[in-house]
Each structure stands twice: as structure tokens, then as C-alpha cells.
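# Fold and contact review
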Amino acid sequence: MDDVKEGTPPARSGPPEQLLAQPDPGLVVPLQQPLLEPMHTMFVGPRGLRSGWSLLLYVVMWRGLRMFLGVLLDHIEPHLAIRIWLDLIAELGSFVVVAIPAVVMGWIERRPFGDYGLPRRDAFFRSFWLGVVWGIVAITALVLVIGGFGDFSLGHTALHGARILKFAAFWGAYFVVVGFFEEFLLRGYTLFTLTRGIGFWPAALALSAVFAALHFGNQGETWIGLLAVAAIGLFLCLTLRRTGNLWFAVGFHASWDWGESYLYSVPDSGGMVTGHLVHSSFHGSRWITGGSVGPEGSVLVFVVIALTWVAFDRMYPEVKYGA
């Protein structure tokens with residue numbers, strides 16, 4: 001029997017019909033490649049998993065965890081005699097629920113958590129405290145302008161002694177957690193991922209509209225208040241764009257809410273907090289005071305936010321995020 005020469009494929013054995021049923025290995029790859037390649041490119045782009053699929057995965061995980069948090073809070077509520085402690089636990093849980101999916105997506109996308117807006121190296125450093133100062137100055141300016149029209153009265157003190165400091169500290173901590181939750185939900189992973197897909201400012205506009213929509217169910221909310229929330233959201237997007245992370249925005253958000261709810265004791269998006277500092281009151285035109293919404297429902301909020309935007313734009317001209 002002749003030896004098989006090197007490079008010559010071995011002869012197949014078996015009945016002719018069996019040989020005909022066996023596929024030619026050389027034909028498998030060319031046939032499969034056109035089918036697999038479109039499927040792959042639909043999910044994965046040059047920079048990894050496409051932004052739309054990333055955002056969908058994030059939202060699905062967030063919604064699932066949010067449902068679990070709701071069940072957990074229902075079990076905790078009967079064991080807490082003081083409602084404000086349940087509110088604090090709910091806000092903490094809400095932040096955890098938006099952070100966990102980002103950690104998972106960071107593992108999938110091979111990115112550190114800090115890329116999504118909260119780098120650990122900047123935690124509670126200069127940028128955060130500058131945000132705190134800007135926030136309290138902005139809300140103070142708004143209240144003073146309303147008072148300048150004669151439509152706001154500070155009233156007498158509602159708290160005394162150690163309770164002043166206790167409630168000041170509690171609401172300070174509470175609104176910092178609120179800042180973490182709302183900023184990361186709308187300007188953390190979501191804004192980072194949408195920016196990859198459609199660009200920074202289109203993503204900022206879309207998520208600021210979502211930010212306003214989330215306030216739609218608040219008691220006593222008005223269309224002016226919703227527009228104001230969107231405007232404030234856009235300004236916070238600007239702070240992210242120019243500082244490179246969310247620490248300034250978290251500080252601004254926290255101190256604005258703290259000043260509004262505790263220090264000046266006025267409605268915040270239609271709600272009043274327990275343990276506010278003074279018995280203040282609005283009187284006069286709802287266009288000026290904001291009515292049941294509070295200062296965020298006043299037409300003057302747009303003036304204050306516009307001036308704050310201009311001042312911030314001058315002091316922070318360099319783009320550091322999403323360039």
C-alpha cells in the first residue's frame with residue numbers, strides 16, 4: 001500500500017451516502033461567520049458593550065433591587081417609632097440600590113467605580129465643600145430676593161437648646177444621602193453611559209427632564225416647579241462637566257435642600273420636614289413665593305440659577321468630563 005504523502009488529507013472510508021452526509025470542514029467557517037458577526041456587532045462596539053445595552057442592564061438590575069428594597073422597608077417600618085429614621089434608612093437603601101448595579105457594570109465594562117462620577121480620592125474633599133458653600137449661598141439668595149418683595153417672613157424659632165444642633169446634624173446627614181442618591185441615579189452611571197452613546201449635553205438634557213419627571217408626583221407640585229427642577233439639574237450637569245466628578249454636585253444638592261428645608265423652614269418641592277428651625281411663612285403672589293411648592297416654584301429661581309450658572313462658568317472654564 002502506498003504511503004500517504006505529507007500534506008495529503010487522509011482518504012475517507014464508509015458508504016458513499018455516509019460520506020455525502022458529512023459536511024466539508026472548509027465550508028463551516030465561511031457560512032457561520034456572516035451569521036455571527038452582525039449579532040456580535042449589535043451588542044458590542046469598538047469600546048465594548050454598546051451604551052444602550054449597558055443602560056438597559058443597569059436599569060433592569062436597579063428596578064429589581066428597588067423592588068427588594070421596598071419589601072425590606074415594609075418589614076422594617078413597624079419596628080421604627082420615629083418616621084424620620086425610616087426616611088433616612090430608605091434614602092441610604094436607595095443609594096445602595098443605584099450603586100450596586102454600577103459596580104456590576106464596572107466589572108463587565110472593566111472600569112473602576114470612580115469613572116461613574118464618585119472617585120474615592122476626592123471623597124468629601126475641597127470640591128464637595130465648595131459645593132456646600134455654593135448651594136447654601138444660592139438658596140439664601142433666592143429666599144432673600146423673595147423676602148425683598150415682602151413675601152417672606154422668617155418667624156420665631158421652632159427649636160430650642162440641644163434640639164437645634166441635633167436636627168441640624170440629622171437633616172445635614174439626611175440631605176447628603178439624598179444628594180448621593182439623586183446625583184448618582186441621574187448624573188452617575190446613567191449620564192456616563194448615555195454620553196458614550198449620544199454625547200454629553202443631549203444626555204444631560206434627557207436626564208434633567210427625567211429629574212423633573214420624578215418630582216411630578218410631589219404634593220402641590222406645579223409646572224414652574226418642574227421646570228425649575230430641570231434647570232437645577234442642568235446646572236448640576238455643568239458642575240460635573242467642569243469639575244470632572246459629582247462631589248461638587250452632591251455638596252450643592254445637599255446644602256440647597258438643607259437650607260431650604262431646615263434652615264429657612266420652607267417647603268421643598270411641596271413637602272415640609274419634621275424638626276425645622278423656624279416658623280417661617282410665605283405671603284403674597286405664588287409667582288414670587290412658589291406657593292405650596294416652596295422657593296423652587298418661584299419664577300425668581302430661574303434668575304438665581306442663571307446667575308449661578310454664569311458665575312460657575314467663569315470660575316470653572318475647563319471641561320474635565322465627557323470631552
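Here the structure is a predicted model, which means the values were calculated and not measured. Within each chain, residue numbers correspond to sequence positions counted from 1 in written order. Side-chain atom pairs in this predicted model are given and counted only at pLDDT of 80 or more, local residue features only at pLDDT of at least 70, and totals for whole chains, interfaces and linings cover all residues. Water and hydrogen atoms were dropped before computing side-chain values, which therefore reflect all heavy atoms in the structure.

### What to know about the overall build of the chain
- Strands are runs of DSSP state E lasting at least 2 residues, helices are runs of H or I lasting at least 4, and numbering of each runs from the N terminus. Scanning the chain from N- to C-terminus turns up 12 helices and 4 strands.
- Looking at the chain residue by residue over its 323 residues, the buried ones come to 44%.
- Under the convention used here, a 1.4 Å probe and the Shrake-Rupley method define accessible areas, while residue burial counts only the protein chains that appear. As displayed, the chain offers around 17,800 Å² of accessible surface, 68% of which is attributable to carbon and sulfur atoms. Accessibility here uses a 1.4 Å probe with only protein chains present; expressed as a share of the type maximum, an area under 20% marks a residue as buried, one over 50% as exposed, and anything in between as partly exposed.

### Quick notes on the environment of L307
- Of note, L307 is situated in helix 12 (residues 300–315).
- Once the C-alpha coordinates of L307 and A138 are considered, the two residues, 169 residues apart in sequence, prove to be 9.3 Å apart.

### Quick word on the confidence of the model for the chain
- The pLDDT score gives, residue by residue, the confidence of the prediction method on a 0 to 100 scale. Of the residues in the chain, 84% reach a pLDDT of 70 or more, and the chain-wide mean stands at 85.
- Only heavy atoms enter the contact rule, under which two residues are in contact if any of them lie within 4.5 Å. This model gives residues 1–11 a pLDDT under 50, and the stretch forms 0 contacts once residues within four places in sequence are excluded.
- Predicted confidence for residues 23–31 stays below pLDDT 50, and this span has 2 contacts to residues more than four positions away or in other chains.

### Some details on the environment of V143
- Considering the arrangement of structural elements, one finds V143 in helix 5 (residues 126–148).
- Here V143 is in contact with F152, Y264 and P295, once residues within four sequence places are set aside.

### Here's the deal with the nonpolar core
- Among buried residues, the Ala, Val, Leu, Ile, Met, Phe, Trp, Tyr and Cys ones that are joined through side-chain atoms within 4.5 Å form a nonpolar core. W171, F184 and W256 are the most contacted members of the largest nonpolar core, which totals 79 residues.
- Per element, the largest residue contribution to this core is 14 residues, and it comes from helix 6 (residues 162–187).
- Sequence-distant contacts of F184, that is, excluding residues within four places in its chain, are made with Y58, F95, V98, A99, A102, F113, Y116, L118, G179, Y189, T190 and L246.

### Digging into the packing of helix 5 against helix 10 (residues 247–263)
- The contact between helix 5 and helix 10 brings their axes to 6 Å, and the two run at 35 degrees. In this structure, the crossing between helix 5 and helix 10 has a hand that is right-handed. Here S127, F128, L130, G131, V132, W134, G135, I136, A138, I139 and L142 of helix 5 come into contact with helix 10, specifically with W247, F248, V250, G251, F252, S255, W256, W258, G259, E260 and L263. To obtain an axis, a line is fitted to C-alpha atoms, over the contacting stretch when the element is a helix, and the angle between two such axes runs from 0 to 180 degrees between their N-to-C directions. The sense of a crossing depends on the near helix, which, turned anticlockwise from the far helix by less than a right angle, makes the crossing left-handed and, turned clockwise, makes it right-handed.

### Focus on the packing of helix 6 against helix 7 (residues 189–198)
- Interhelical geometry of helix 6 versus helix 7 gives an angle of 15 degrees and a closest axis separation of 3 Å. The orientation of helix 6 relative to helix 7 falls into the category roughly parallel. Facing F184, L185, L186 and R187 of helix 6, the residues of helix 7 in contact are Y189, T190 and L191.
- Charged means Asp, Glu, Lys or Arg here, nonpolar means Ala, Val, Leu, Ile, Met, Phe, Trp, Tyr, Cys or Pro, and polar covers whatever is left, Gly included. Tallied by class, the residues present in the contact of helix 6 with helix 7 amount to 5 nonpolar, 1 polar and 1 charged. Angle categories: roughly parallel below 35 degrees, roughly antiparallel above 145, roughly perpendicular from 65 to 115, and oblique for all the rest.

### Observations concerning the packing of aromatic side chains
- Any Phe, Tyr or Trp ring, taking Trp's six-membered ring, that has another such ring centre within 6.5 Å forms a pair; planes under 30 degrees apart are called stacked, those over 60 apart edge-to-face, and the others tilted. Inspection of the entire model under this criterion finds 33 aromatic pairs.
- For the ring pair F128 and W129, a centre distance of 4.9 Å and an interplane angle of 85 degrees mean the geometry is edge-to-face.
- A relative accessible area of 3% means that F128 is categorised as buried.
- Between the aromatic rings of W134 and F248, the centroid separation amounts to 6.0 Å while the plane-to-plane angle is 65 degrees, which identifies the pairing as edge-to-face. Of this pair, W134 sits in helix 5 while F248 sits in helix 10, and the two are 114 residues apart along the sequence. Each member of the pair, W134 as well as F248, is classed as buried.
- Three or more aromatic residues link up through ring pairs in this structure, and these residues are W134, F200, W201, F235, F248, F252, W256, W309, F312, Y316 and Y321.
- Each ring is checked for a lysine NZ or an arginine CZ that lies within 6 Å of its centre and within 35 degrees of its normal; such an atom marks a charge sitting over the ring. Across the ring face of W62, the terminal group of R63 is positioned such that the distance to the ring centre comes to 5.8 Å.
- Stacked on the ring of F211, the Lys or Arg R187 has its end atom at 4.7 Å from the ring centre.

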